[in-house]
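The lines below spell out each chain.
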Amino acid sequence: MNPTDASADDTLDLHLPEEFLALFRTAGDDATGGRLAEATARAREDLLDGLADWGPRDTSAGVFHLVPVDVERDAALVARWMNDPAVAAYWELAGPRSVTAGHLRTQLDGDGRSVPCLGTLDGVPMSYWEIYRADLDPLARYCPVRPHDTGVHLLIGEDADRGRGLGTELIRTVADLVLAGRPACTRVLAEPDVRNRSSVAAFLGAGFRLAAEVDLPAKRAALMIRERAAREAS
């Protein structure tokens, strides 16, 4: 799909939602730094509806849990994964630990529209995820999005965990977590590189559909969408 073909009415420009701005207007009525810090924390939680509290899910591979990243604790592990050639080909974050740490801090120090997480199975970190507000992301400039659309990026950390269907199961699990944790969200999106056929296949297996191919600044992406089912919306 050529992004210019999309209707301007369907595509949201990058912006902060009214509920986010209202928190800071409230904070501005109080001159104390404590109130501003509290408002900032509340805003970060609100943008993704308290992701840290979504809790674990049982899967056939074990108990899966999304755990927000702690840079000091987790950067070395995520950096090791980013330097795996199979990962680096698509993430382009290979290099010293500082490269990964900077990538993580950019999200953690931001407004809360993207939360980097470790995915653990039975308490063992084995995957990296970014859960983000697609309607507040630059992605919204290149394809139609709806309010509260939520995006996912992921990588499976160890080679032994790849190629056996685990990614498909975890993608399905995370999509379920998003839709359960974010009642206003009607769609979960992903935009893997079209060359990453195994990733595209994993999303298809997890109940996503291939909606279009989209030219993004750094790649040609397969836009994958999972809609909230009618029974989930009721």
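Going by the structure above, here's the rest.
All of these numbers come straight from a predicted model, not from anything done at the bench.

**A short note on helix α3 (residues 71-82)**
Residues that lie three or four places apart on an α-helix share one face, since the helix turns once every 3.6 residues.
No. 1: Here α3 is 12 residues long, yet its end C-alpha atoms lie only 15 Å apart, well below the 16 Å a rise of 1.5 Å per residue gives.
No. 2: Turning to α3, its buried residues are Val71, Asp74, Ala75, Val78, Ala79, Trp81 and Met82. Viewed end-on, α3 has its buried residues packed into an arc of 150°, placing them on one side of the element.
No. 3: Against the buried residues of α3 lie β2 (62-68), α4 (85-91), α5 (97-108), β3 (114-121), β4 (124-133) and β5 (150-156).

**Re the sheet that holds strand β7 (residues 209-216)**
No. 1: With mixed pairing, eight strands are arranged side by side in an open sheet as β1-β2-β3-β4-β5-β6-β8-β7. Of all strands in the sheet, those with a lone pairing partner are β1 (57-59) and β7, marking the two edges. For this sheet, the mean angle separating the axes of adjacent strands, direction not counted, is 30°.
No. 2: Relative to β3, β2 is paired through five bridges, and the arrangement is antiparallel.

**Things to note about the pattern of salt bridges**
A side chain of one charge can pair with a side chain of the opposite charge if their charged atoms are brought near each other.
No. 1: Enumeration over the complete set of coordinates arrives at 18 salt bridges.
No. 2: Here arginine 164 ties to aspartate 161 by a salt bridge, and the two come within 3.0 Å at their closest N and O atoms.
No. 3: You can call arginine 164 exposed: its relative accessible area is 52%.
No. 4: Given the relative accessible area of 16%, aspartate 161 is considered buried.
No. 5: The residue aspartate 215 makes a salt bridge to arginine 220 at a minimum N-O spacing of 2.6 Å.
No. 6: One continuous salt-bridge network, built from bridges that share partners, spans Glu72, Arg97 and Arg105.

**Things to note about unusual backbone geometry**
No. 1: In this structure, glutamate 92 is a non-glycine residue whose phi angle is positive, near 55°.
No. 2: Within the secondary structure, glutamate 92 is located in the loop between α4 and α5.
No. 3: Using a relative accessible area of 58% as the deciding quantity, one classes glutamate 92 as exposed.
No. 4: Here the phi dihedral of aspartate 122 falls at roughly 50°; this positive angle occurs in a residue that is not glycine.
No. 5: Along the polypeptide, aspartate 122 turns up in the loop between β3 and β4.
No. 6: Residue class for aspartate 122 comes out exposed when judged on its relative accessible area of 53%.

About the thresholds
- Residues numbered from 1 in each chain as written.
- Predicted model: local features only at pLDDT ≥ 70, side-chain atom pairs only at ≥ 80, totals over all residues.
- Heavy atoms only, no water.
- Helix = DSSP H or I, 4+ residues; strand = E, 2+ residues; numbered from the N terminus.
- Expected span 1.5 Å × (residues − 1).
- Buried < 20%, exposed > 50% of the residue type's maximum accessible area, 1.4 Å probe, protein only.
- Arc of directions from axis to C-beta.
- Contact = heavy atoms within 4.5 Å.
- Pairing = 2+ DSSP bridges.
- Axes fitted to C-alpha atoms, helices over the stretch in contact; angles between N-to-C directions.
- Salt bridge = Lys/Arg side-chain N within 4 Å of Asp/Glu carboxyl O.

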